[in-house]
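Here is how the chains run, residue by residue.
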Amino acid sequence: KTYNFSAGPGVMPEEVITQITQAFETNAHTHMSIIEISHRSKQFQTIITGAEKKLRELMHISDEYAVVFLQGGGSTQFEMIPLNFATKHHNIALLDSGNFAEKAAEAAKQLGNKVTILNSTKDKHYQKLPLLPDNFDATSADYLHIVTNNTIEGATFHQNNLPKTAGRLVADMSSNILAEPYNVSDFDAIFAGGQKNLGPAGVTVAIIKKSWLTEQDLTGVGPMMRYQNHIDKQSMYNTPPVFAIYALNLVLDWVIQQGGVTEMYRRNLEKAARLYAYLDQSEFYTAPVEVSARSLTNIVFTTGDLEQDKVIAKQATEAGLFNLNGHRSVGGFRASLYNAQPMSAVDALIAFLQKVEQQA
Ligand code: PLP
């Protein structure tokens, strides 16, 4: 048995892969495979409306919010969010908790906005979360941008340590959406690229508070960049990523069948706790992220010797444990334990790490 610890595109449920494989065959009735159907077909209508309904059910998304399926990944959201919402002050407040917060800041700046970094833990290698300063004046910024889970560095704003702002809050949930519970009502906009917990790359989910949109003057913003256009056309303002939405819909079915976000969270807590417990008692490896902020989905650790880490990650590949290298910018190890990762993967990883430790 082999396991894939990739940070994304990441492991998908085996049952979903089986269904996808079958869908690539020409259907006896329609004479088409899944990548040949029209987005205007009844078949796809059922898929996309089903996907929205299921996501709403899983995240308890009320009618106050619109849900749209877009393309362009999380990175395009780094531009769409400021284009749609940084329209009054052209000032975005941001907590710098890692690489993807920095990237979002850079994109917003290039669009001509001011980005106020309220706090950063860069000098601590992002192993701690930046706290919201008490004197933050929410009225001076259009919104506060956070990344709930820092995919590369492994620190997370869990629901219980979210910054409490009096203003608007935008969250990049790309790497922990549906992995742990969040109250959607605490946010004004949420986005997530699909390729970690939702399905394959190619679809990006955006959850937008409708009333916030109506307040904006979008003069000069092109049609594809306006959320309202995608909302008005039920995510079919242009041709949507039919296959990616098809696969996403199957993943959502799977999550519901397993018991929803509550059950995903229970499993993810258990998986992460087992791995962190092993790492914490080990004298060979360390998990450097502060305990209260530790990610459930991206577990970062090291032996303290980055060259040695590389050698061990290579040995892991030979043992059938794939993609354990940390992000190229930080090195070390990163074990991504998304929803579809079984506990047996964690057990296999611990057994491997233990063996290496004993031989060291
Ligand atoms: N935000 C987070 C938290 C991510 O982990 C990633 C990618 O890994 C991105 C944004 C960028 O997403 P994409 O590659 O889909 O543009």
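Worth saying up front: this structure is predicted, and the values here are computed from it rather than measured.

1. A few points about the overall build of the protein
Reasoning step 1: Along its length, the protein carries ten helices and eleven strands.
Reasoning step 2: Computed over the C-alpha atoms, the radius of gyration of the protein is 21 Å, within 12% of the 21 Å expected from 2.2 N^0.38 for a compact globule of 360 residues.
Reasoning step 3: Taken over 360 residues, the protein has a buried fraction of 45%.

2. Focus: the sheet that holds strand S7 (residues 189-193)
Reasoning step 1: Taken in spatial order, the seven strands make up an open sheet running S2-S8-S7-S6-S5-S3-S4, and their pairing is mixed. Each end of this open sheet is capped by a strand with a single partner; those strands are strand S2 (65-70) and strand S4 (114-120). When the angles between neighbouring strand axes are averaged without regard to direction, this sheet yields 20°.
Reasoning step 2: As defined by bridge partners, S2 adjoins strand S8 (residues 204-209) across six bridges and the pair is classed as antiparallel. By the bridge assignment for S8, valine 67 is matched with isoleucine 207.

3. Description of the UniProt feature "binding site: pyridoxal 5'-phosphate" (unreviewed entry) in the protein
Reasoning step 1: Residues annotated by UniProt as "binding site: pyridoxal 5'-phosphate" (unreviewed entry) correspond here to Gly74, Ser75, Phe100, Thr151, Asp172, Gln195, Asn238 and Thr239. Sequence-wise these annotated residues cover 166 residues; spatially they are dispersed, their C-alpha atoms as much as 30.0 Å apart.
Reasoning step 2: Relative to the elements of secondary structure, threonine 151 occurs in the loop between strand S5 (143-147) and strand S6 (169-172).
Reasoning step 3: The class for threonine 151 is buried, based on 26 C-beta atoms found within 10 Å.
Reasoning step 4: Turning to its location among the elements, glutamine 195 is positioned in the loop between S7 and S8.
Reasoning step 5: The class for glutamine 195 is buried, based on 24 C-beta atoms found within 10 Å.

4. Here we look at the site of the ligand
Reasoning step 1: Around the ligand, the surrounding shell consists of Gly8, Gly73, Gly74, Ser75, Phe100, Val147, Thr151, Asp172, Ser174, Ser175 and Gly193.
Reasoning step 2: Counting residues per element, the shell around the ligand draws most heavily on helix H3 (residues 73-85), which supplies three residues.
Reasoning step 3: Within the shell around the ligand, the residues separate by chemical class into two nonpolar, eight polar and one charged.

5. Quick notes on unusual backbone geometry
Reasoning step 1: Residue proline 9 follows glycine 8 across a cis peptide bond; omega there is -5°.
Reasoning step 2: Along the chain, proline 9 turns up in the loop between strand S1 (3-4) and helix H1 (14-23).
Reasoning step 3: The phi torsion at tyrosine 126 lies on the positive side, around 60°, for a residue other than glycine.
Reasoning step 4: Note on tyrosine 126: 26 C-beta atoms within 10 Å, which makes it buried.

6. A few points about H3
Reasoning step 1: Counted at 1.5 Å a residue, the expected span for H3 with its 13 residues is 18 Å, and the 18 Å between its end C-alpha atoms agrees.
Reasoning step 2: Buried within H3 are the following residues: Gly74, Gln77, Phe78, Met80, Ile81, Pro82, Leu83, Asn84 and Phe85.

7. Looking at the pairing of S7
Sheet faces and side chains relate simply in a regular strand, where the side chains alternate between the two faces.
Reasoning step 1: Counting buried residues in S7 gives five out of five residues, a clear majority hidden from the surface.
Reasoning step 2: Side chains of S7 alternate between two faces, with Ala189, Phe191 and Gly193 and Ile190 and Ala192 buried alike.
Reasoning step 3: Of the pairings in the sheet, the one linking S6 to S7 comprises three bridges and is parallel in character. Directly across from alanine 171, in S7, lies its bridge partner isoleucine 190.
Reasoning step 4: In the sheet, S7 pairs with S8 via five bridges, with the strands oriented antiparallel. Bridging from a neighbouring strand, glycine 193 pairs with threonine 204 of S8.

About the thresholds
- Residues numbered from 1 in each chain as written.
- Predicted model: local features only at pLDDT ≥ 70, side-chain atom pairs only at ≥ 80, totals over all residues.
- Helix = DSSP H or I, 4+ residues; strand = E, 2+ residues; numbered from the N terminus.
- Rg over C-alpha atoms; globule rule 2.2 N^0.38 Å.
- Buried ≥ 20, exposed ≤ 12 C-beta atoms within 10 Å, placed from the backbone.
- Pairing = 2+ DSSP bridges.
- Axes fitted to C-alpha atoms, helices over the stretch in contact; angles between N-to-C directions.
- UniProt positions renumbered as here; feature names shortened; annotations may be inferred.
- Near = placed C-beta within 6 Å.
- Nonpolar A, V, L, I, M, F, W, Y, C, P; charged D, E, K, R; others polar.
- Expected span 1.5 Å × (residues − 1).

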